Amino acid sequence: MGVMEYERCIQGRCGDKKIKYDFQIKRNITIFTGDSGSGKTVLIDLIRDYRRYGSDSGVLVSCGCSLRTLDNEDWEYQLKGISESIIFIDEGNRFLVTKKFAELVIGSDNYFVFATREKLPMLPYSINEIYGFRKCGKFQKVKQTYNEIYHLYGEISETADIEPALVITEDSNAGYELDQN
């Protein structure tokens, strides 16, 4: 999959409300975070329904590759059988913070989207790919809910030359070594 960017548009219904998610996946690990009730789990449920029932689910997915979900049951077996897909994983799965899971993610050709408020200390992800969920009130007159996805740490340019004098890491046991030159 390399450095390709994937645009996603997912639309469906939650009760009597239409819901739309529109976002772009730029790296192999993306984090969606937000308050309870902001729509993270609904997004994953829509993808799960679409995988299970296709167009009969009422979910419309605009995507250039396969979307998958992963849960606690047989997660390791499932993950080993998935290739070149975007895998969505909801919070609450105990395997998210395990070393075995991190190893499989790092060695995978898949992209991963984690909907969680938990810290994921075993995974190397960029702060540029942490997004918050919030209800923004758009489309309320037609009973459509639009959950806005925004950069949690603001827009950070990857083209700007940054030469830090010092780099401080949070975890010396993360398995990565820094060149001090």
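Residues numbered from 1 in each chain as written. Predicted model: local features only at pLDDT ≥ 70, side-chain atom pairs only at ≥ 80, totals over all residues. Heavy atoms only, no water.

Student: Help me understand the overall build of the protein chain, please; the structure alone is not making it clear to me.
Tutor: Each helix and strand counted, the protein chain has 3 helices and 9 strands in total. In the protein chain, buried positions account for 36% of the 181 residues. Excluding contacts between residues fewer than 6 apart, the proportion of contacts in the protein chain whose partners are at least 24 apart in sequence is 57%. Surface summary for the protein chain: the accessible area is close to 11500 Å², and the carbon and sulfur share equals 46%. (Helix = DSSP H or I, 4+ residues; strand = E, 2+ residues; numbered from the N terminus. Buried < 20%, exposed > 50% of the residue type's maximum accessible area, 1.4 Å probe, protein only. Contact = heavy atoms within 4.5 Å. Areas by Shrake-Rupley, 256 points an atom, 1.4 Å probe, with all protein chains shown as cover.)

Student: Please explain the environment of M122 as it appears in this structure.
Tutor: Along the polypeptide, M122 turns up in the loop between β7 (111–115) and β8 (130–135). Sequence separation between M122 and T98 is 24 residues, and the spatial gap between their C-alpha atoms is 7.2 Å. Apart from the residues within four sequence positions on either side, M122 is in contact with V97, T98, K99, A102 and I106.

Student: It is not clear to me how the confidence of the model for the protein chain should be interpreted in this structure. Could you clarify?
Tutor: Detailed reading of the predicted model is not advised wherever pLDDT is low. Residues with a pLDDT of 70 or more make up 68% of the protein chain, whose mean pLDDT is 75. In the model, residues 1–5 has pLDDT below 50 throughout and makes 15 contacts with residues more than four positions away in sequence or in other chains. Considering only residues more than four positions removed or in separate chains, one finds that residues 138–146, a stretch of pLDDT under 50, has 20 contacts. (pLDDT = per-residue confidence, 0-100.)

Student: How should I be thinking about the side chain of T116 in this particular structure?
Tutor: You can see T116 is positioned in the loop between β7 and β8. Within polar-contact distance, the side chain of T116 engages the backbone nitrogen of E118 at 2.9 Å. If near-sequence neighbours (up to four positions away) are discounted, T116 is found in contact with I31, F32, T33, K40 and E91. (Polar contact = N/O pair within 3.5 Å; in protein donor to acceptor, adjacent residues only side chain to side chain.)

Student: Got a minute to help me understand the nonpolar core in this structure?
Tutor: One broad rule of soluble globular proteins: the nonpolar side chains tend to lie buried together. Counting 20 residues, the largest nonpolar core has Y21, F23, F32, L43, I86 and F88 as the members making the most contacts within it. Taken together, the elements giving at least two residues each to this core come down to β2 (17–25), α1 (40–53), β6 (85–90), β7 and β8. (Core = buried A, V, L, I, M, F, W, Y, C linked by side-chain atoms within 4.5 Å.)

Student: In this structure, what is going on with the environment of C63? I would like to understand it.
Tutor: Mapped onto the secondary structure, C63 falls in the loop between β4 (60–62) and β5 (66–70). Exposure remark for C63: the relative accessible area of 26% places this residue in the partly exposed category. Through-space distance from the C-alpha of C63 to that of Q24 is 10.0 Å; in sequence the pair is 39 residues apart.

Student: What should I look at first to understand α1 in this one?
Tutor: Because an α-helix completes one turn every 3.6 residues, residues spaced three or four positions apart along the sequence face the same direction. End to end, α1 covers 20 Å across 14 residues, agreeing with the expected 20 Å (1.5 Å per residue, within 8%). Trailing α1 by a residue or two, G54 shows a phi angle of about 60 degrees, which is positive. (Expected span 1.5 Å × (residues − 1).)

Student: Would you mind going over the pattern of salt bridges with me for this structure?
Tutor: Here the structure, examined in full by the defined rule, presents 4 salt bridges. For K80, the salt bridge goes to E76, with nearest N and O atoms at 3.4 Å. Taken together, the residues span about one helical turn, with K80 and E76 both in helix α2 (residues 75–80) at a distance of 4 residues. Salt-bridge contacts for E91 lead to R117; the nearest nitrogen and oxygen are separated by 3.2 Å. Within this pair, whereas E91 is found in the loop between β6 and α3 (99–106), its partner R117 is found in the loop between β7 and β8, the two being separated by 26 residues in sequence. (Salt bridge = Lys/Arg side-chain N within 4 Å of Asp/Glu carboxyl O.)

Student: Could you clarify how one ought to interpret the packing of aromatic side chains in this entry?
Tutor: Any pair of aromatic rings gets described here by the distance separating the centres and the angle formed by the planes. Scanning the entire structure with this criterion turns up 7 aromatic pairs. Ring geometry for F32 against Y131: centres 6.1 Å apart, planes inclined by 75 degrees, an arrangement best described as edge-to-face. A residue pair is termed long-range when its members are at least 10 positions apart, and F32 in strand β3 (residues 29–34) and Y131 in strand β8 qualify at 99 residues. Overall, Y131 belongs to the buried group, its relative accessible area being 7%. (Phe/Tyr/Trp six-rings, centres within 6.5 Å; stacked < 30°, edge-to-face > 60°.)

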